[in-house]
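# A look at the structure
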Amino acid sequence: MIEYSMEHIVSYTGKLAQPEVIGPVPEGIRVNFYVTGGSMTGPKLYGKVRPVGADWLTLRRDGIAALDVRVTMETNDGALIYVTYSGIIDLGENGYEDFLKGVMPPSGTAIRISPRFQTSHPNYIWLNRLHCVGVGQAFLERSEVAYDVYAVR
């Protein structure tokens, strides 16, 4: 067995604008969720999610929502951190059809992500070296997502 550990890096919430539905395309249903703000709390990072970026989500016909997220975080001491991640939300076998009918996923639907951090700020350059995983939940009724992010050591 390969030994590893998980180190909690940050928890954060993202506030979202109402979704921009592009609609069905060959790959699935395209939906853009633009970020309007948010907050991040330790143990290693504190600050806010800036009101830039989005999730350019594709809802596949099998009910899996494939995430494509790019956001900027700003620490309390002014460092800018660019964060990108892919991930999935399993909306169930009928997720595609439910979305077309206007049925939203239940509150607290699980999200799994693989975030990457990029920064040039000397206090946070260590983030560039991390491989992380995140567990989260979607609360679309209040236009919010929440995550806990861990570095794999």
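Just above, that's the structure.
Read on for a plain summary of the structure. Just so it is clear, the model here is predicted, and its values are computed rather than measured. (Residues numbered from 1 in each chain as written. Predicted model: local features only at pLDDT ≥ 70, side-chain atom pairs only at ≥ 80, totals over all residues. Heavy atoms only, no water.)

## Some remarks on the overall build of the protein
Rules: A helix here means a DSSP run of H or I that spans at least four residues, while a strand means a run of E at least two residues long, and both kinds are numbered starting from the N terminus. Here the globule rule reads 2.2 Å times residues to the power 0.38, and the radius of gyration is calculated from C-alpha atoms. When accessible area is computed with a 1.4 Å probe and restricted to protein chains, residues below 20% of their type maximum are described as buried, those above 50% as exposed, and intermediate ones as partly exposed. In this analysis, two residues are considered to be in contact whenever any of their non-hydrogen atoms come within 4.5 Å of each other. Using a 1.4 Å probe, accessible areas were evaluated by the Shrake-Rupley method; residue-level cover was limited to the displayed protein chains. Two residue types count as positive, namely Lys and Arg, and two as negative, namely Asp and Glu; His and chain ends fall outside the count. Throughout, a charge is located at the NZ atom of Lys, the CZ atom of Arg, the CG atom of Asp or the CD atom of Glu.
On a plain count of helices and strands, the protein comes out with 1 helix and 9 strands. In sequence order, the secondary structure elements of the protein are arranged as β-β-β-β-β-β-α-β-β-β. Relative to a compact globule of 153 residues, whose C-alpha radius of gyration would be 15 Å, the protein shows 16 Å and is just as compact. Each principal axis of the C-alpha distribution contributes one length, and for the protein these read about 50 × 40 × 25 Å. Counting the 153 residues in the protein, one finds 42% classified as buried. Considering only residue pairs separated by 6 or more positions, the protein has 56% of its internal contacts joining residues 24 or more positions apart. Looking at the protein as shown, the accessible area adds up to about 8,300 Å², and 54% of this sits on carbon and sulfur atoms. When the 14 basic and 16 acidic side-chain charges of the protein are each reduced to a single mean position, those positions are 5 Å apart.

## Describing the layout of surface pockets
Remark: the empty space left among the atoms is shown by a probe the size of a water molecule rolled over them. Applied cut-off: In this analysis, the protein atoms alone were mapped onto a 1 Å grid. Cavities are point sets where a 1.4 Å probe fits without being able to get out; pockets are open sets with protein on both sides within 12 Å along at least five of seven lines; lining residues have an atom within 4 Å of a point. Grid points are joined across faces, edges and corners, and a volume is the space filled by probe spheres set on the points. All residues other than Ala, Val, Leu, Ile, Met, Phe, Trp, Tyr, Cys, Pro, Asp, Glu, Lys and Arg, Gly among them, are scored as polar; the first ten of these are nonpolar and the last four charged.
A volume near 430 Å³ is recorded for the largest pocket. Along its surface, the largest pocket is lined by 30 residues, and Phe33, Leu57, Ile89, Ala138 and Leu140 are the ones closest to its centre. Looking at the lining of the largest pocket, the elements that each hand over two or more residues are β1 (6-16), β3 (28-41), β4 (47-59), β5 (64-75), β6 (80-90), α1 (95-100), β7 (109-118) and β9 (144-152). Broken down by class, the residue content of the lining of the largest pocket amounts to 25 nonpolar, 3 polar and 2 charged.

## Concerning the pairing of β7
Short version of the rule: Two strands qualify as a pair provided DSSP detects at least 2 bridges between them.
Across the two faces of β7 the burial differs, with Thr109, Ile111, Ile113, Pro115 and Phe117 buried and Ala110, Arg112, Ser114, Arg116 and Gln118 not buried at all. The pairing of β6 with β7 spans 7 bridges and is classified as antiparallel. Bridged to Tyr82 within β7 is Gln118. As paired strands, β7 and strand β8 (residues 132-139) are joined by 5 bridges and run antiparallel to one another. Directly across from Ile111, in β8, lies its bridge partner Gly136.

## Points about the pairing of β4
One ladder, built from 8 bridges, connects β3 with β4; its direction is antiparallel. Across the sheet, the residue bridging to Ser39 is Lys48, located in β4. Connecting the antiparallel pair β3 and β4 is a turn made up of 5 residues. For β4 and β5, the ladder comprises 8 bridges, and the chain directions are antiparallel. Paired with Thr58 across the two strands is Ala66, which belongs to β5.

As far as function goes, none of this settles anything; it's purely spatial.
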